Amino acid sequence: MGDHDTVRVRLRAALRADDPWTALYALHSQNADRHGPLAGAVEELYRSDTDHTAFRPYLTWLLRSLGEPGDAVLLRLLAAPGLAADDRQDLLRTAVVRGLRLPAELLRTYAQDAPASSGGNAGNAPAPELVDAMGLSGDPSLAPRLGALLQDPAAPRGRAALALGRLGARAWTAPIAERLFEVTGLDHTPYTVALELMGDPAAVPHLLRWLTESSEERVYDVHHALVRLTGRDPLLPERACGAAYAAAVRAAWADGRTKRAPAAVRDLVVESGTRARFSVDEGAGRIRVAFDPPSPGSSWPRWDRCLTFDRKPLYRLGSLCDTCELGLTLLDWPDDEAARIAARMRGRLADLDRLDTALLAEWSPVLGELETGHYRALLLDLPLERVAEPARSWWYRRAAARAEADGDDGERHGYDRPEDYWPGVAHFQLTAPVPGGRVPFTYGAFLPSQPPEALDPAAVARHAAAVAAGQRPAAVVLGWIDDRYVEARHEERWLVGTILDGHHRLAAYAAAGIPARVLLLARVGEGSGADGGLEGLAEVAAAYGCRR
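Figured I'd write up the structure that's included with this text. (Residues numbered from 1 in each chain as written. Predicted model: local features only at pLDDT ≥ 70, side-chain atom pairs only at ≥ 80, totals over all residues. Heavy atoms only, no water.)

**Remarks on the pattern of salt bridges**
Overall, the coordinates contain 43 salt bridges when judged by the stated rule. Where R302 meets D221, a salt bridge forms, and the shortest distance between an N and an O atom there is 2.7 Å. Taken as a pair, R302 in the loop between β3 (287–291) and β4 (304–309) and D221 in helix α14 (residues 220–230) lie far apart in primary sequence, 81 residues in all. For R302, a relative accessible area of 13% puts it in the buried group. Since its relative accessible area comes to 11%, D221 is described here as buried. The closest approach of N and O atoms between D501 and R505, which form a salt bridge, is 2.6 Å. By the burial criterion, D501 is buried, and R505 matches it. One continuous salt-bridge network, built from bridges that share partners, spans R438, D483, E491, R493, E535 and E539. (Salt bridge = Lys/Arg side-chain N within 4 Å of Asp/Glu carboxyl O. Helix = DSSP H or I, 4+ residues; strand = E, 2+ residues; numbered from the N terminus. Buried < 20%, exposed > 50% of the residue type's maximum accessible area, 1.4 Å probe, protein only.)

Given below as structure tokens:
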């Protein structure tokens, strides 16, 4: 039996299993290096009148997960004549999730029969997946069709605005911006995100006028769009919310100034030798947590986030949803400039045992590279270990802790593998959860900002000798507290961050089994879980504050 026949037989068996999803996941994993034959078997079943209707949800899931071979099958199936409305809808949705660029003529043909694929939309409004696909097409000739939808109350107007933003159709900047005065609820965010996607400064006067004339308190999206479009990022009061936050945003932009001022480190207060706080106003934001562009097909334009350097994504952080599980994924390494910036702090890190005002003032040029916000600086001695195996990482071991808390027998499903939780790179983690915290489990993980294989063994040895001699060279970590209530059942807290400087020092500490001296810079306040963040940082400081 040939390879294609073998895969086809196994696919049919998986589809008819008692638990098809688990069986299909296992089949997908077993064929990780042979997606072509599996994609071919899926296409064959999809073209079968007797099979594909019953198996459609499983087949489209497979096509979505098979990478380029699955994409090729999707394009062939979508181009097939006489496609039934349900098939077209499923395939088009899958193509949108994959971010595929479909031919404009194909989309125009579909648009002529919009009600048949509208999934219940009133009138002649096209289906949301068709609107999304138009935005992904890259064809500006579709912009007038999308722009007309902005005036149709029955149409998915927010998605139409996003589609125009993806096309970069700047002729529609002003119409989208002006409709901010009319739209409410769930449409308001996609309209502002669409303006961010446009990247058109012509939207700025409209946004400023909206702040002046609108009584809406939900100003976050407009503020975020102004920061993205102007580069100016004014400091807002720490932990402001509701009406106070709205008033602060309006005051920050009231003078109409859109040019960014030089970064300034303000309100520097040293609370003790191990704790300080400061604020960054008009931060350069070269190192920041930023929202990803909206995922095609998603109902939430602001969802996933990345840790970025000069707008280059380094780690995917996932969503802000506090019932979702936190997970970090390596995307790429920063340019060498990242290491050069962090190295400007290195002179005072050789044997750091206390924080003082002069030290932080000396580092102000580096701190100004961070994003605008309020920060805490903690000098900590952290028991860290280097972990290179997925099964040893807290990203996976926390699942066992939750199972134990639930009284489960500890058995793991076949599809629940350690590597599925792995961030993609060896990293440092706390040897045990933070003791004495309110949340049952507070884990800690620091991820590198340079490839671990680039570490110089001689440099690690030099730091190991200094540590053995009683010195305490410090690493610098940009971190934060992340609070979750996973599945609305499990309180979980993370001290998580990325290493700005000190990879060799942390490797030396971990190898010696000596707590690592770490200067933690943590942003608190807007968008970073202010209440839980401050509580978590206080617990970390109480457990691991430098004792000198």
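**Examining the sheet that holds strand β6 (residues 329–330)**
On the basis of which strands lie adjacent, the open sheet formed by four strands has the order β3-β4-β5-β6 and antiparallel pairing. This sheet does not close on itself; its edge strands, each paired only once, are β3 and β6. As defined by bridge partners, β4 adjoins strand β5 (residues 312–319) across six bridges and the pair is classed as antiparallel. What sits directly across from C306, in β5, is R316. (Pairing = 2+ DSSP bridges.)

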